[in-house]
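Letter by letter, the chains look like this.
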Amino acid sequence: MAKLSSTRQKALLRKYSRNVKFLMMLGSICVIVFTLPKQAKFSYDIAKGRIWNQKELISPYNFAILKTDAEIESDKNTALTSVTPIYQLDEGVETAMLDAFKSSLQIKWHGAGLKDNKKASYIEAGDGLLKDIYAKGILNLNTKYQQNTAEYPITILNKNVETNKNTADLFTKQRALAYCSQVLGTRNDLDKAFLMDLLGNVLQPNLNFDNKLTSRLEREVVEGLSTSRGMVQKGEVIVNKGSVVSDEVYQKLQSFKKAFEDNSRVAGDPRLVLTGQFLLVSVAIILLMVFLYLFRKDIYDDNRLVSLILLVVTAMLFTLSMAIKLQLPNLYYIPYCIVPIIIRILFDTRLALNIHLLVVLMAGFFVPNSFEFAYFELTAGMASIYSIKNLIRREQFLISALIITFTYFVAFIGISFIREGSVKSIEFMDFLPFIVSVLLTLLAYPLIYIFEKVFAITSDITLIELTNTNAPLLREMAFSAPGTFQHSLQVANLAENAIYTIGGNALLVRAGALYHDIGKMENPLYFIENQSGFNPHDKLPYQESAQIIIRHVRKGIEMARKANLPEIVTDFIRTHHGDTRVDYFYQSFLKNFPEKFVDENTFRYPGPIPFTKEGGVLMLADSVEAASRSLKEPDEKSINDLVDRIVKYKLDQNQLKDSNITLKDIETIKSIFKRMLMSIYHVRIDY
C-alpha cells in the first residue's frame, strides 16, 4: 500500500478540515452525553429559608418523608443505648485459678517461714475467697458503655443461657482485691500480706467482652431503624407559592426530590433522557463553535486548536460525570476554575469566559442546587480569569488561587446567610471542598506545559522564559554579536511600548524582537553594529554582500528551529524585513555599474511581509532603531524626520498591508518611537 507524503497528508487535512471539525464536535458531544447520569433531572432548586416563588407544588404520588441526618443520628444513638454489651462466662478460668493458687502456695510456703499445721487453713481461706469472687464474676470495664456513670448493665452468656446484670454487682480485679483485703483483715490467725500476694496473681477475669456478638446486635438494631417519619399523600400540597421554606417544608421537598429520582430510574424513559442530554450538550458545543467562527476565526480554522478546546471541555464534564457516578461526598471538590485558567493562558480572556460559562451551564443540569452551583462557579471563574489578565510572573498563580478562595468564601458566607439567617448555623467545615478545589486548580500549571508541547501552542509562561536574557541563544548572541544584542534590546523596548499602547501582545513582540536577528551570529562582523573600524564588505561584490545580509533571515530560522523556538516567535525572524530590498547595496550597484543588468531579487529579502500587528510593529521598530544609529547629531528635528521617513517608506512598499495596523495606530507608533529615541539620545525638547 502506497504511503502518502507529509505534504499530501496536509493537503488532505485542509481539504477535509470541515469534516474533521464536525467529527471532533460529534465525538466530544457523544463522550459527554455517554458519561452523564441517565435519569430525569429534578427541576426545582431547594433552599431553606427562601420564599417559594414557583408554582404551588402538589405531590403526584405518595412518598415517605425522610428523616434528617440529625434525626437519624439521634435515633441511632438512642437505639445503641438499648443494646447491652455481651459478656461470655469462661468457667475454666475458676478451676485453673484455684489450681494455680494451691500450686503457688505450695511453692512459696517454706520460703515464708510459716508453720506446716497452718497450711490447711491458708488453703481453705484462699479457696473460699476465690470461689466467692468467681461465683459473682470478674470482668474488665469498657469505657464505651460508661455514659453518665461508671457502671452499666450487661448480658452474661453461659452456654447460650443469658443473664442480665449490672457491673456494680460484679467484681473488677481492683474490687476483688479490696474484698479479699477486707475479709482477711478479720482473720488474725493468717498472714494477710502472704495471702494477698498469692491471690493477686490468680485473680483473672472470667467474664470476657464478646465484641463480635455485641457489634452484630448493634448493627441489627441500627439497620432496623426507619429512615422516614410520616407520609405525603398523592394530591397533598407540599409547598404553597409565596410561603417560606421552613425546616419541615424543606425536608418534604428533599424527600420529594429523592422519590422523584428513584421513580424516574424505574418509570422514566431513558431514551428521552438521552435525547434531552444530547440536545443540551449539542447546543452548547455548537454555540462554542459559532463564537469561534465569529470572533476567533484563526482558532476556528485550526483544527489542532479546536481539538484542544474540545478536549478541555470534554475532560471537565467527564470528570463531573464520574464524580456523580462515584457519589463523591461533595461536587465542589472538582477544580472547575482550571478550565478558564488554561484557556485564558493559552488563548484569551473572551474565549476563557465564554467556555467557562458554557461548561457551568451544562454542569448545572446535573448537579444539585443548580443556581447556587452556577453562582459559585461563575463568580470564581471570572475571578480566576481577571486575576491572570496579564501573566508576567509565576507567583500570579498563587495570587490567583488566593483571589479565587476569597471569592468562594464571600459567596459561601452570602449564600449561608440567605439559607440559614444565622451566623451560628454556618458549618464552616462545608467550605473545605472549595479549598481543595482551589489547590487542585494549581494543576493548571503542569497541564499548560503538557498542552503546549502536545498541541504546539505558545503561552505567556513560555514567552516569559524566552525573554530571559540568560536564555541560551540570547546569552550566545550577547558574547558573539554584542552590537546586535544591544540593538535587539532597544528594538524590544520600542516595539513593546508601541504594541502595549495600540493593543496587542506586548510579551510576544518582546520575545520576537529579542530573537529576530539571531541569524547575524553566523557572520557578526558583516553587520555594522558589530564592526569596530574594519568593514569586510569593502572587499566583496555588492551582490555577495547583499546575499550575506539577506542570509541572516534564513540562518535565523534554522537556528530558531534547532533551538525549538515556538513557530510564533520564528515568524518574527521570517517577516521582520518583509520583502524589501537591501537598498544600500542595490543603489551602490546601480551607481557603479549603470550599464549592467541587475536582477532585483538578488537584493530583495524573501519575505513574507508581516501578517500580524505585532510583526508590523517589530518591522518598524527594527528599521527605526537601526537607522537612528546613523544620525551624526541626533536632535528633535532629525529624529522626527527619520521616523516619518522610515514609516512612509514601509507604507509605500506595502509592507504593512497584511498586519492589521490602522492609520491611527501608525500615528501613535510614530509618536512613541520619537519620544523614546529622544530619551535614548538625551535630546532636550523645547517647551
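Placed above this text is the structure.
Residues numbered from 1 in each chain as written. Predicted model: local features only at pLDDT ≥ 70, side-chain atom pairs only at ≥ 80, totals over all residues. Heavy atoms only, no water.

## Details of the nonpolar core
To be explicit about the condition: Among buried residues, the Ala, Val, Leu, Ile, Met, Phe, Trp, Tyr and Cys ones that are joined through side-chain atoms within 4.5 Å form a nonpolar core. Throughout, exposure labels follow a simple rule: accessible area from a 1.4 Å probe, protein chains only, divided by the maximum for the residue type, with under 20% read as buried, over 50% as exposed, and the rest as partly exposed. Strands are runs of DSSP state E lasting at least 2 residues, helices are runs of H or I lasting at least 4, and numbering of each runs from the N terminus.
Counting 72 residues, the largest nonpolar core has Ile309, Ile343, Phe347, Leu351, Ile355 and Tyr408 as its most contacted members. With eleven residues, helix α12 (residues 303-325) is the largest single contributor of residues to this core. Tyr515, Ile549, Leu618 and Val643 belong to the second-largest nonpolar core, a separate cluster that totals 65 residues.

## As for a nonpolar patch on the surface
So the rule is basically this: In this analysis, a patch consists of residues with relative accessible area above 30% that form no salt bridge, clustered at 9 Å for like charges and at 5 Å for the nonpolar side chains Val, Leu, Ile, Met, Phe, Trp and Tyr. Only the protein chains shown count as cover for residues, and the accessible areas themselves come from Shrake-Rupley with a 1.4 Å probe. In what follows, salt bridge is the name for a side-chain nitrogen of Lys or Arg lying within 4 Å of a carboxyl oxygen of Asp or Glu.
Together, Leu398, Met429, Leu432, Ile435, Leu439 and Leu442 give the surface a local cluster of nonpolar side chains, amounting to about 560 Å² of exposed area. Among the elements that make up the nonpolar patch, the one with the highest residue count is helix α17 (residues 432-441) (three residues). On the basis of relative accessible area, leucine 398 is assigned to the exposed category, the value being 52%.

## Here we look at unusual backbone geometry
A positive phi is found at lysine 159, a non-glycine position, where the angle reads about 55°. The residue lysine 159 is located in the loop between β4 (153-158) and β5 (161-166) in this model. Within the chain, alanine 456 stands out as a residue other than glycine whose phi angle is a positive 55°. As for its placement among the helices and strands, alanine 456 is situated in the loop between α18 (444-455) and α19 (460-466).

## Things to note about the packing of helix α4 (residues 91-112) against helix α5 (residues 119-136)
Using the following cut-off: Only the contacting stretch of a helix is used when fitting its axis, a line to C-alpha atoms as for every element, and angles between N-to-C directions run 0 to 180 degrees. Orientation is classified from the angle alone, with under 35 degrees giving roughly parallel, over 145 giving roughly antiparallel, 65 to 115 giving roughly perpendicular, and any other angle giving oblique. Left-handed describes a crossing whose near helix is turned anticlockwise from the far helix through less than a right angle; right-handed describes the clockwise counterpart. Here, residues are in contact when the closest pair of their heavy atoms is within 4.5 Å. Residue classes follow a fixed rule: Ala, Val, Leu, Ile, Met, Phe, Trp, Tyr, Cys and Pro count as nonpolar, while Asp, Glu, Lys and Arg count as charged, and any other residue, Gly among them, counts as polar.
Their axes nearest at 10 Å, the elements α4 and α5 cross at an angle of 155°. Relative to α5, the element α4 is oriented roughly antiparallel. Handedness of the α4/α5 crossing: right-handed. Seen from α4, the contacting residues are Val93, Glu94, Met97, Leu98, Phe101, Lys102, Leu105, Gln106 and Trp109; seen from α5, they are Lys119, Tyr122, Ile123, Gly126, Asp127, Leu130, Lys131 and Tyr134. The residue inventory of the contact of α4 with α5, partitioned by class, reads ten nonpolar, two polar and five charged.

## A few points about the packing of aromatic side chains
Basically, it comes down to this: Stacked, tilted and edge-to-face are the three classes applied to pairs of Phe, Tyr and Trp rings, where Trp contributes its six-membered ring and a pair requires centres within 6.5 Å; stacked means planes under 30 degrees apart, edge-to-face means over 60, and tilted covers the rest.
Following the criterion strictly, the structure yields 22 aromatic pairs and no others. With 5.3 Å between their ring centres and 85° between their planes, phenylalanine 409 and phenylalanine 431 make a pair best called edge-to-face. Of this pair, phenylalanine 409 sits in helix α16 (residues 396-420) while phenylalanine 431 sits in the loop between α16 and α17; the two residues are 22 residues apart in sequence, bridging distant segments of the chain. Ring geometry for tyrosine 542 versus phenylalanine 593: centroids 6.3 Å apart, planes at 65°, classification edge-to-face. Note that tyrosine 542 is positioned in helix α23 (residues 542-562) and phenylalanine 593 in the loop between α25 (583-592) and α26 (613-628), a separation of 51 residues in sequence. By relative accessible area, which is 28% here, phenylalanine 593 ends up partly exposed. Through pairs of rings, three or more aromatic residues link up here, namely Tyr332, Tyr336, Phe373, Phe376, Tyr408, Phe409, Phe412, Phe431 and Phe434.

## What about the packing of helix α20 (residues 472-480) against helix α21 (residues 482-502)?
The geometry of α20 relative to α21 is characterised by a closest axis approach of 5 Å and an angle of 125° between their N-to-C directions. For the element pair α20 / α21, the angle class is oblique. Contact with α20, carried on its side by Leu474, Met477, Ala478, Phe479 and Ser480, involves Pro482, Thr484, Phe485 and Ser488 of α21 and no other residues of that element. Among the residues forming the contact of α20 with α21, the class breakdown is six nonpolar, three polar and no charged.

## Re the pattern of salt bridges
Under the counting rule described, the total for this entry stands at 31 salt bridges. The salt bridge involving arginine 296 is made with aspartate 348; its shortest N-O contact spans 2.1 Å. Here arginine 296 is found in the loop between α10 (270-295) and α11 (297-300), whereas its partner aspartate 348 is found in the loop between α13 (338-346) and α14 (349-364), with 52 residues between them in sequence. When its relative accessible area of 16% is taken as the criterion, arginine 296 is described as buried. Overall, the relative accessible area of 17% leaves aspartate 348 in the buried class. Here lysine 520 and aspartate 517 are joined by a salt bridge, their closest N and O atoms 3.1 Å apart. Aspartate 517 carries the same exposure label as lysine 520, and that label is buried. Among the charged side chains, a network of salt bridges with common partners joins Arg561, Glu567, Asp571 and Arg574.

## A word on the sheet that holds β4
What counts here: Pairing between two strands requires that DSSP report at least two bridges joining them.
Spatially, β5-β4-β3-β6 is the arrangement adopted by the four strands of the open sheet, whose pairing is mixed. Single-partner strands in this sheet number two, and they are β5 and β6 (207-209). For this sheet, the mean inter-axis angle between neighbouring strands, taken without regard to orientation, is 35°. Direction of pairing for strand β3 (residues 86-89) relative to β4: parallel, over a ladder of three bridges.

## Some thoughts on the pairing of β4
For a regular strand, side chains alternate in direction, first toward one face of the sheet and then toward the other. Bridge count between β4 and β5: six bridges; the pairing is antiparallel. Paired with proline 153 across the bridge in β5 is asparagine 166. Counting the residues that bridge the hairpin from β4 to β5 gives two residues, and of these lysine 159 lies at a positive phi of roughly 55°.

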